[in-house]
Amino acid sequence: MFESITDSLNKVFRTVLGKAKLSEDNVADAMKEVRIALLEADVNNRVAAAFVDRVKTLALGMEVIPGIDPGQQFVKVVYDQLVALLGGATAGIEWAAGKQPTVIMLCGLQGSGKTTTAGKLARRWKAEGKRPLLVAADVQRPAAIEQLKVLGAQLDIPVFTQAGGNPVSICRNSVSAAQLHGADCIILDTAGRLHVDDELMGELDAIRQATSPQEILFVCDAMIGQSAVDTAEEFKRRLPLTGAVMTKMDSDARGGAALSLRESTGVALKFIATGEKLDALEEFHPDRMAGRILGMGDVVSLVERAQSVIDEKEAAALQEKLAANQFTLDDFLAQLASIRKMGSLKDLLGMIPGLGSQLKGMDIDEGQFKNIEAIIQSMTKAERANPEIIDGRRRRRIARGAGKTDKDVGELLKQFGEMRKITGRMGRLGLFGGKGQQKLESLSPGALSSLAGGRSLFGSKKAGSKAQQKKKDRKKDKKKRRK
Ligand SMILES: Nc1nc2c(ncn2[C@@H]2O[C@H](COP(=O)(O)OP(=O)(O)OP(=O)(O)O)[C@@H](O)[C@H]2O)c(=O)[nH]1
Ligand SMILES: [Mg+2]
């Protein structure tokens, strides 16, 4: 979503990096480009101008530090200011003190993603050891209560509903019922409207008075761009918002709303949602996001994502196998499935420092995953454990079964063989644990590169007709969503 801004900013940085001295003109030129990049990403005009002014002043006032590249110093100023723009420190959730349950009220326009977000938050907090209760306070839309019930059943989380009654009494009663449900955090899923109106605001304010929520989170849709910021402003005039959740960050929205929200409205972004699935919710960290936007990667989030999908026991078993060089195609298949659970490959690679900007224009072929899976799945158990037994006849059979060519199968086997060679060498170096192990970080880059040498398992292609097709697909998706 921030691809184009990352790309533009990296171009600007290249013009200043390596310069022995930055003149006023250099800085002015660079900041002109930064401003264009921000505006192109749909950042609010006023916010962009103020940001550029701040960076310019700081960059021109930079003290020359001997031995430090002024260009790098400039990038650091941009990074620091971007972190500040996004809110500085991570804004956590304010949990109620003592035995009181915490009340979290969600509000926002129709279709912004409140109900989905309620489910995602409940899932997240349950995983953190809390006992959430979802409250169906949307009596506006007949299907709304059912939608929340379905989510609750899926997550095995109780849902408070009440036949008849108005939203205010439902919410009030849910707080008294929390104890009965053994719940310590109550998530109120309120009704949305197409536009901000007095009736909606009156209702939301009455719910607030009846339940004294610790958090009133404004849920907004990144796809509506700057009007998300305007709507936040309107909500804030009537309700003491404590934070915001930006949804649909997986869409081709340019991200400007997320960048402008804090500075324009003073409301801190607390979560971002990146998909329809219930695990597609991330806590918003200004520093990590700034790193991602500047193409510096976000290793911390990458590791967290990996931890959320990788089972520790499985990982330990895998390490043993790697160390003993008994890694089979079946293990490989399981690893692919874990990686796919973590999100799109491009998204993941973008979190690796230095890779983000290089990915621009590259069409990471996610279909390759499927090809590899299809080929491995059409092998017998014996073949997967012992690829050496695959001869010409077997290869043909596998290819036919997977709908691929003999060459595809041959290539996969060759690459798997090379990978095994590398893991074998790493195993001998004790990199996968065990006695006398040497940690990966402690290896010199030379040693690491001597380990590498195989070709990439995943082809990547220059953007072309495929990228255009993807764009078309995305448009189609968007249309579907609107319906
Ligand atoms: N792609 C994507 N879709 C999302 C995301 N969050 C929600 N949606 C989708 O957006 C649509 C509306 O979501 P809801 O959660 O029903 O929105 P709501 O605010 O509760 O809507 P109302 O109750 O009608 O006001 C659904 O189709 C969701 O699947 C997200 O982060 N990414
Ligand atoms: Mg809803």
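A. Expanded view of the pattern of salt bridges. Here the structure, examined in full by the defined rule, presents 17 salt bridges. With its nearest N and O atoms 2.9 Å apart, the salt bridge here joins Lys 270 to Glu 215. With Lys 270 in strand β7 (residues 269–273) and Glu 215 in strand β5 (residues 215–221), this pair connects stretches of sequence that are 55 residues apart. Linked through salt bridges whose partners overlap, the residues forming this network are Arg 193, Asp 197, Glu 199 and Glu 203.

B. Here's a closer look at the packing of helix α14 (residues 329–341) against helix α16 (residues 367–377). Contact geometry for α14 and α16: axes closest at 10 Å, N-to-C directions at 150°. Taken together, the axes of α14 and α16 are roughly antiparallel relative to one another. α14 and α16 meet at a crossing whose hand is left-handed. Across the interface between the two elements, Leu 329, Phe 332, Leu 333, Leu 336, Ile 339 and Arg 340 of α14 pack against Phe 369, Lys 370, Ile 372, Glu 373, Ile 376 and Gln 377 of α16. In terms of residue class, the contact of α14 with α16 is built from eight nonpolar, one polar and three charged.

C. How the structure looks around the site of ligand 1. In the vicinity of ligand 1 there are 21 residues, among which Lys 114, Thr 115, Thr 116, Asp 250 and Glu 276 approach most closely. For ligand 1, an oxygen atom lies 3.2 Å from a polar atom in the backbone of Ser 112. Protein coverage of the free-state accessible area of ligand 1, which is 650 Å², stands at 86%. Per-element accounting of the shell around ligand 1 gives the leading share, four residues, to helix α5 (residues 114–127).

D. Region of the structure containing the packing of aromatic side chains. On inspection of all chains with the given rule, the structure shows five aromatic pairs. Ring centres of Phe 13 and Phe 74 lie 6.4 Å apart, and the angle between their planes is 80°; this geometry places the pair in the edge-to-face category. Of the two residues, Phe 13 is situated in helix α1 (residues 3–16) and Phe 74 in helix α4 (residues 70–85); the sequence distance between them amounts to 61 residues. The class of Phe 13 is buried, set by a relative accessible area of 3%. Summarising the aromatic geometry, the rings of Phe 332 and Phe 416 are spaced 5.9 Å apart at their centres and angled 45° between planes, so their arrangement reads as tilted. Here Phe 416 lies in helix α19 (residues 406–428) and Phe 332 lies in helix α14, a separation of 84 residues in the sequence. Phe 416 gets classed as buried once you look at its relative accessible area, which sits at 2%.

E. The arrangement of the pairing of strand β1 (residues 102–107) in detail. Among the six residues that make up β1, six are buried, leaving the element largely enclosed by the rest of the structure. A two-sided burial pattern is seen for β1, the buried positions comprising Thr 102, Ile 104 and Leu 106 on one face and Val 103, Met 105 and Cys 107 on the other. As judged from the five bridges shared by β1 and strand β4 (residues 185–190), these two strands associate in the parallel manner. Opposite Val 103, over in β4, you have Ile 186 as the bridge partner. The sheet contact formed by β1 and β5 spans four bridges and is parallel. Bridging from a neighbouring strand, Met 105 pairs with Ile 216 of β5.

F. How the structure looks around the nonpolar core. Counting 76 residues, the largest nonpolar core has Ile 5, Phe 74, Phe 235, Met 246 and Ile 293 as the members making the most contacts within it. In terms of residues, this core owes the most to one element, α4, which gives seven residues. Not counting chain neighbours up to four residues away, the residues in contact with Phe 74 comprise Phe 13, Val 16, Leu 22, Val 27, Ala 30, Met 31, Val 55, Ala 59 and Met 62. Core analysis: the next-biggest nonpolar cluster, separate from the first, contains 23 residues, Ile 93, Ala 118, Trp 125 and Leu 148 among them.

G. Spatial organisation of the environment of Ala 37. Looking at the element boundaries, Ala 37 is found in helix α2 (residues 24–40). With 32 residues separating them along the chain, Ala 37 and Ile 5 place their C-alpha atoms 5.5 Å apart. Setting aside residues no more than four positions away along its own chain, Ala 37 makes contact with Ile 5, Ser 8 and Leu 9.

H. Structural context of the pairing of β4. Burial analysis of β4 places six of its six residues in the buried class, the great majority of the element. The side-chain alternation of β4 yields two buried faces, one formed by Cys 185, Ile 187 and Asp 189 and the other by Ile 186, Leu 188 and Thr 190. Across six bridges, the pairing between strand β2 (residues 132–137) and β4 is parallel. Of the residues in β4, the one forming a bridge with Ala 137 is Thr 190.

Cut-offs applied
Residues numbered from 1 in each chain as written. Chains lettered and ligands numbered in written order. Predicted model: local features only at pLDDT ≥ 70, side-chain atom pairs only at ≥ 80, totals over all residues. Heavy atoms only, no water. Salt bridge = Lys/Arg side-chain N within 4 Å of Asp/Glu carboxyl O. Helix = DSSP H or I, 4+ residues; strand = E, 2+ residues; numbered from the N terminus. Axes fitted to C-alpha atoms, helices over the stretch in contact; angles between N-to-C directions. Parallel < 35°, antiparallel > 145°, perpendicular 65-115°, else oblique. Left-handed = near helix turned anticlockwise from the far one by under 90°. Contact = heavy atoms within 4.5 Å. Nonpolar A, V, L, I, M, F, W, Y, C, P; charged D, E, K, R; others polar. Near = heavy atom within 4 Å. Polar contact = N/O pair within 3.5 Å; in protein donor to acceptor, adjacent residues only side chain to side chain. Areas by Shrake-Rupley, 256 points an atom, 1.4 Å probe, with all protein chains shown as cover. Phe/Tyr/Trp six-rings, centres within 6.5 Å; stacked < 30°, edge-to-face > 60°. Buried < 20%, exposed > 50% of the residue type's maximum accessible area, 1.4 Å probe, protein only. Pairing = 2+ DSSP bridges. Core = buried A, V, L, I, M, F, W, Y, C linked by side-chain atoms within 4.5 Å.

Take it as geometry only, folks, not as evidence of what the structure does.
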